[in-house]
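Chains, contacts and geometry: an overview
Residues per chain are reported as follows:
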Amino acid sequence: MSKPSAPVSNSAQRRWANQNEAAEYLGVSTRTVRQMIADGRLRGYRNGPRMIRLDLNEIDASMTPFGGAA
């Protein structure tokens, strides 16, 4: 008998970042990242009372092009 295979996920591997790393990735301050989480522009994930992580793939997906090249 063969072993059952693990379920295959269609989603990309998550790329976790803390608030400082996400701010650097976006080129903004950590205060701006916190405000973006508070107003719903970004989704933060809490692991414990203080540790907050963001998925860089979700940040990339939230970007919308504009201007002449859009």
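Residues numbered from 1 in each chain as written. Predicted model: local features only at pLDDT ≥ 70, side-chain atom pairs only at ≥ 80, totals over all residues. Heavy atoms only, no water.

**So, helix H1 (residues 19-26)**
Applicable threshold: When accessible area is computed with a 1.4 Å probe and restricted to protein chains, residues below 20% of their type maximum are described as buried, those above 50% as exposed, and intermediate ones as partly exposed. Secondary structure counts use DSSP, requiring at least four H or I residues in a row for a helix and at least two E residues in a row for a strand, with both numbered from the N terminus. Arc definition: directions from the helix axis to the C-beta atoms. Every residue pair with non-hydrogen atoms within 4.5 Å of one another is taken to be in contact. The definition of a polar contact used here is a pair of N or O atoms within 3.5 Å, where within protein one atom must be able to donate a hydrogen and the other to accept one, and adjacent residues in sequence count solely through side-chain atom pairs.
Turning to H1, its buried residues number three or more, namely Gln 19, Ala 22 and Ala 23. One side of H1 holds all its buried residues, which, seen down the axis, span an arc of 100°. Residues of H1 that are exposed and point more than 90 degrees away from the buried face comprise Asn 20 and Glu 24. Elements that come into contact with the buried residues of H1 comprise strand S1 (16-17), helix H2 (30-38), strand S3 (52-55) and helix H3 (56-62). The residue sitting at the N-terminus of H1 and contributing the capping side-chain oxygen is Asn 18; that oxygen lies 3.0 Å from the backbone nitrogen of Asn 20. Gly 27 lies just past H1 and shows a positive phi near 75°.

**Here's the deal with the packing of aromatic side chains**
Quick note on the threshold: To pair, rings of Phe, Tyr and Trp, with the six-membered ring standing in for Trp, must have centres within 6.5 Å; the planes then decide the type, stacked if under 30 degrees apart, edge-to-face if over 60, and tilted in the middle. The rule for a charge over a ring is simple: NZ of Lys or CZ of Arg within 6 Å of the ring centre, and within 35 degrees of the ring normal.
Within the structure shown, the criterion is met by one aromatic pair. Arranged with centres 5.2 Å apart and planes meeting at 80°, the rings of Trp 16 and Tyr 45 form a pair that is edge-to-face. Here Trp 16 is found in strand S1, whereas its partner Tyr 45 is found in strand S2 (residues 44-46), with 29 residues between them in sequence. Note that Arg 14 overlies the ring of Tyr 45, its terminal NZ or CZ placed 5.3 Å from the centroid.

**Brief notes about the packing of H1 against H2**
Heads up, the rule is: Only the stretch in contact is used when a helix axis is fitted, and all axes are lines through C-alpha atoms; the angle between N-to-C directions ranges over 0 to 180 degrees. Angle categories: roughly parallel below 35 degrees, roughly antiparallel above 145, roughly perpendicular from 65 to 115, and oblique for all the rest. We call Asp, Glu, Lys and Arg charged. Ala, Val, Leu, Ile, Met, Phe, Trp, Tyr, Cys and Pro are nonpolar, and the rest, Gly among them, are polar.
Running from amino to carboxyl end, H1 crosses H2 at an angle of 100°, the nearest separation of the two axes being 8 Å. Considering the angle they form, H1 stands roughly perpendicular to H2. Taken together, the residues of H2 that come into contact with H1 (itself represented by Gln 19, Asn 20, Ala 22 and Ala 23) are Thr 30, Val 33 and Arg 34. Partitioned by chemical class, the residues of the contact of H1 with H2 number three nonpolar, three polar and one charged.

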